[in-house]
Amino acid sequence: MKKCACAAFVVLWQIGSLGCGSAAAHTSIRGTDASPDGATVANGAGIFTYIRNDLQPVQRPKVGTDSSLPLVSMVVGLTGVEIIHRQPDGTFTATPVVAPPTAQCVHAPVGLAVMDVDIDGRDDIVVLDLCENWVALDDGLGGYTATRPDKYFANLSVGDSALVIDDTQNGAVLVESNNQGFECFRSGGGVATPPQGPIVDLLSVMQTANTSVFATALYAPSSDGGGNKLLLQGYGSFAEFHADSSAPDFALSLEQVRNQRSFEEPYLSPFWGLDHLQLMPLSGCPDMALAVGKVPPKMGPIPLKLQVISFPTGPEFTVREVKTSFEVTTMGLVSMRNGHMLIGVLGFDASGAVFSLVEVTACDQWQILGSWPTEFDWRTPDAPAFGSFGPRVPKSNGIRLLGMAAPDGITDKYMFTNYDGFDLRIWEVTLGEGQAPPVVTAKRVRLHATRMDISFAN
Amino acid sequence: MRLVWIFLSLTSAFCFLSMSMVSGCGDEPGMVTDGGTASDAIPDDASVMVRTDGFTGWIGGVCIVNADCLDSPAQRDFAFTCADETYCLEGLCHVACVSQCVMVRSDVNPCISPRICTQLPGSGGMAVCKITPVPCTTAATCPLYKPALADGGLGEWTCENGICQYPGYVNPTQ
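Reading guide: rules and limits
Residues numbered from 1 in each chain as written. Chains lettered and ligands numbered in written order. Predicted model: local features only at pLDDT ≥ 70, side-chain atom pairs only at ≥ 80, totals over all residues. Helix = DSSP H or I, 4+ residues; strand = E, 2+ residues; numbered from the N terminus. Buried ≥ 20, exposed ≤ 12 C-beta atoms within 10 Å, placed from the backbone. Contact = placed C-beta atoms within 7 Å. Nonpolar A, V, L, I, M, F, W, Y, C, P; charged D, E, K, R; others polar. Pairing = 2+ DSSP bridges. Axes fitted to C-alpha atoms, helices over the stretch in contact; angles between N-to-C directions. pLDDT = per-residue confidence, 0-100. Core = buried A, V, L, I, M, F, W, Y, C linked by C-beta atoms within 7 Å.

Here we come to the overall build of chain B. Helices and strands together make up the secondary structure of chain B, namely three helices and nine strands. Seen in sequence order, chain B has helices and strands lined up from the N terminus as α-α-β-β-α-β-β-β-β-β-β-β. For chain B, buried positions account for 34% of its 174 residues.

Here it is in structure tokens:
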């Protein structure tokens, strides 16, 4: 049987202080993965089932020598949102953040935003939920109190929101709602602010730039302070918008459609999609990003490789492969103390899983610091509706690898973390002095033994 | 016998026309698979319609080289409106629709072997999976796909006597 390779995906890339109309001195990168693993659809699970899995750090005022590095996690299909803490003794705990009770439906989170909603200096969590949106406020006692969002966000849309971009500094959330448009919501420190939007008519964008389903978002400050830039990824192209953040309605204007016109050997044509797209800010460089290039299976067994994307002045973008001996499943980025970028890469070669480190030293220069055999087996939860075999999804679908600097901020130590809803995996990296190779320590912490996918439960 | 063949052909044609919507057509009774025992099943003056993942067309008529198939039963019975190619494979004439392909990497062939992705001259970059030797005027018109050499490296196509040639590569049809 022929299957339609309808795996279309679009990436939203916001460069600049989005802030829903206000200038921002500080923003953060947020987003979800796009994973168009061709036309692979198994047991109805669909290829997009897990793309909204999320893992983000949560900022809290530091108390003493606290290095708990809390993370907030959302694994689509599981019961909700969890906070993962490192305890003083080095162990980890996963604490569910319980949604407000409702008799209407079963909670099904599809989007996370981390921001200080109530302006108390502590990060809170905004949860977009197919049932009912909610906000989890940091109670200052180590826990969270879930509440309805009405007090903080007026009319926050309930729907299948593929994109959620949050601006920690401005208490603003940009939500793509049901593939119809973007809406901007801003917390007013306890005062509801009417939504502005939709600020982008997605249907017209789709026609203009041959784009389709939204799946990935990046959000970062502009490197030159020259305003906002919004890039929607289509098939081998980006629609670039400039945004006037001072306008009340956050005016967006289509600036150009970027295409890839030149190809580096052995590539001959654009990827259909750039998965796991992440901004890679490097001082003195044009806007850059990192991604895994993908095409539908019918275009041949194209190996999944790391790609560096560059957006120079003009209507083009360039793609260069980071040559690795293995296929890439996912990757995470972290800024190094020396201004370089450190990329943690998870992949597979013939002998099994591989963890690798790449240091990006300049706009078009990088070096592989090393590769180490590792253990990595991302799981999906049981889904009784599909029998004992459950839904099967490709191994690259929805896998996030979060890069972070060591909590002390003074040593060349970095962490790359993944959580599949069962096990927390941490790769701790200590960079060596001079030519000394990095030291990588892998850790697997079992937080749950068995879980059930509520999406598919009868 | 003729009636049976017509029935099979009509059934298969239905499968072809609806293959994007209907599953299981490949399991129709009487269907012949590419590279199977077709020579035993097909009379010399007849052809059968065949559809597999890599082939949609008619098979019929004995041959030695591709040119023998220009007036073959397969050519006579071929009833699809599509870009097609006629060739001799394993002693039998084949006429089949070619499928479109897109080359993403020069070292990865998106077509089902032994077909290779070949750009159509003057088509603005359109390419199809072909099994026949690729005619050329210069090497620049030869396929973008470069099969791996014995040492794992890649070679270069050359245009010799109007036909594209590649080190170590033998055209599957002549």
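Regarding its fold elements, chain A presents one helix and 29 strands. Counting all 458 residues of chain A, 47% fall into the buried class. Counted over contacts in chain A with a minimum sequence separation of 6, partners at least 24 positions apart contribute 54%.

With 13 residues of chain B in contact, the opposing surface of chain A contributes twelve residues. For the side of chain B that touches chain A, the class distribution of residues is seven nonpolar, four polar and two charged.

Below, the discussion takes up unusual backbone geometry. Note that the residue after Glu 265 of chain A, namely Pro 266 of chain A, is joined by a cis bond; omega there is 10°. Tracing the chain through its elements places Pro 266 of chain A in the loop between strand E17 (251-259) and strand E18 (273-279). Pro 114 of chain B follows Ser 113 of chain B through a cis peptide bond whose omega is 10°. You can see Pro 114 of chain B is positioned in the loop between strand E5 (100-101) and strand E6 (116-119). The backbone of Asn 161 of chain B sits at a positive phi, close to 55°, despite the residue not being glycine.

All right, on to the sheet that holds strand E1 (residues 48-51) of chain B then. Residue and element names in this part refer to chain B. Overall, antiparallel pairing links the four strands, which are arranged E1-E2-E4-E3 in an open sheet. This sheet does not close on itself; its edge strands, each paired only once, are E1 and strand E3 (84-89). Direction aside, neighbouring strands of the sheet carry axes that sit 30° apart on average. Note that strand E2 (residues 56-62) and strand E4 (residues 92-97) share four bridges and pair antiparallel. The partner of Val 62 across the bridge, within E4, is Leu 92.

For the rest of this paragraph, the subject is the sheet that holds strand E3 (residues 71-74) of chain A. Residues and elements named next belong to chain A. Taking strand neighbours across the sheet as the criterion, the four strands line up as E2-E3-E4-E5 in an open arrangement whose pairing is antiparallel. Each edge of the open sheet is held by one strand with a lone partner, namely strand E2 (54-57) and strand E5 (92-97). Sheet twist, expressed as the mean angle between neighbouring strand axes with direction ignored, is 25°. By the bridge criterion, six bridges tie strand E4 (residues 81-86) to E5 in an arrangement that is antiparallel. What sits directly across from Glu 82, in E5, is Pro 96.

So, on to the confidence of the model for chain B. Residue and element names in this part refer to chain B. In this model, chain B carries a mean pLDDT of 78, and residues with pLDDT of at least 70 account for 76%. Counted against residues more than four places away or in other chains, residues 1-37, with its pLDDT under 50, gives 39 contacts. The complex prediction reports pTM at 0.81, with the ipTM value standing at 0.74.

Moving on: the pairing of E3 of chain A. Residues and elements named next belong to chain A. Here E3 shows no split at all, with Leu 71 and Ser 73 on one side and Val 72 and Met 74 on the other all buried. By the bridge criterion, four bridges tie E2 to E3 in an arrangement that is antiparallel. Each residue of the ladder has a partner; that of Gln 56, found in E3, is Val 72. The pairing of E3 with E4 spans four bridges and is antiparallel. Bridging across to E4, Ser 73 finds its partner in Glu 82. Hairpin connection from E3 to E4: six residues lie between these consecutive antiparallel strands, with Gly 77 at a positive phi of about 100°.

A few words now on the pairing of strand E20 (residues 306-311) of chain A. All names here are of chain A. The buried count for E20 comes to five of six residues, which makes it a mostly enclosed element. Across six bridges, the pairing between strand E19 (residues 287-294) and E20 is antiparallel. Within E20, the residue paired with Val 292 across the bridge is Leu 306. Here E20 pairs with strand E21 (residues 318-322) via five bridges, running antiparallel. Residue pairing across strands places Leu 306 opposite Val 322, the latter belonging to E21. The hairpin formed by E20 and E21 contains six residues between the paired strands, and Gly 314 there has a positive phi angle of roughly 115°.

What follows covers the confidence of the model for chain A. All names here are of chain A. Here chain A averages 74 in pLDDT, while 64% of its residues score no lower than 70. Within the model, the stretch residues 210-215 combines pLDDT values under 50 with 32 contacts to residues more than four positions away or in other chains. Segment residues 217-223 is flagged for pLDDT under 50; beyond a separation of four residues in sequence, or across chains, it makes 38 contacts in the model.

Further remarks concern the nonpolar core. Formed by 114 residues in total, the largest nonpolar core has its most connected members in Ile 125, Ala 136, Leu 290 and Ile 343 of chain A. In contact with Ile 125 of chain A, not counting residues within four places along its chain, are Val 72, Val 81, Val 97, Leu 112, Val 114, Ala 136 and Tyr 144 of chain A. Within the second largest apolar cluster, six residues are counted, among which are Val 134, Cys 136, Cys 164 and Tyr 166 of chain B.

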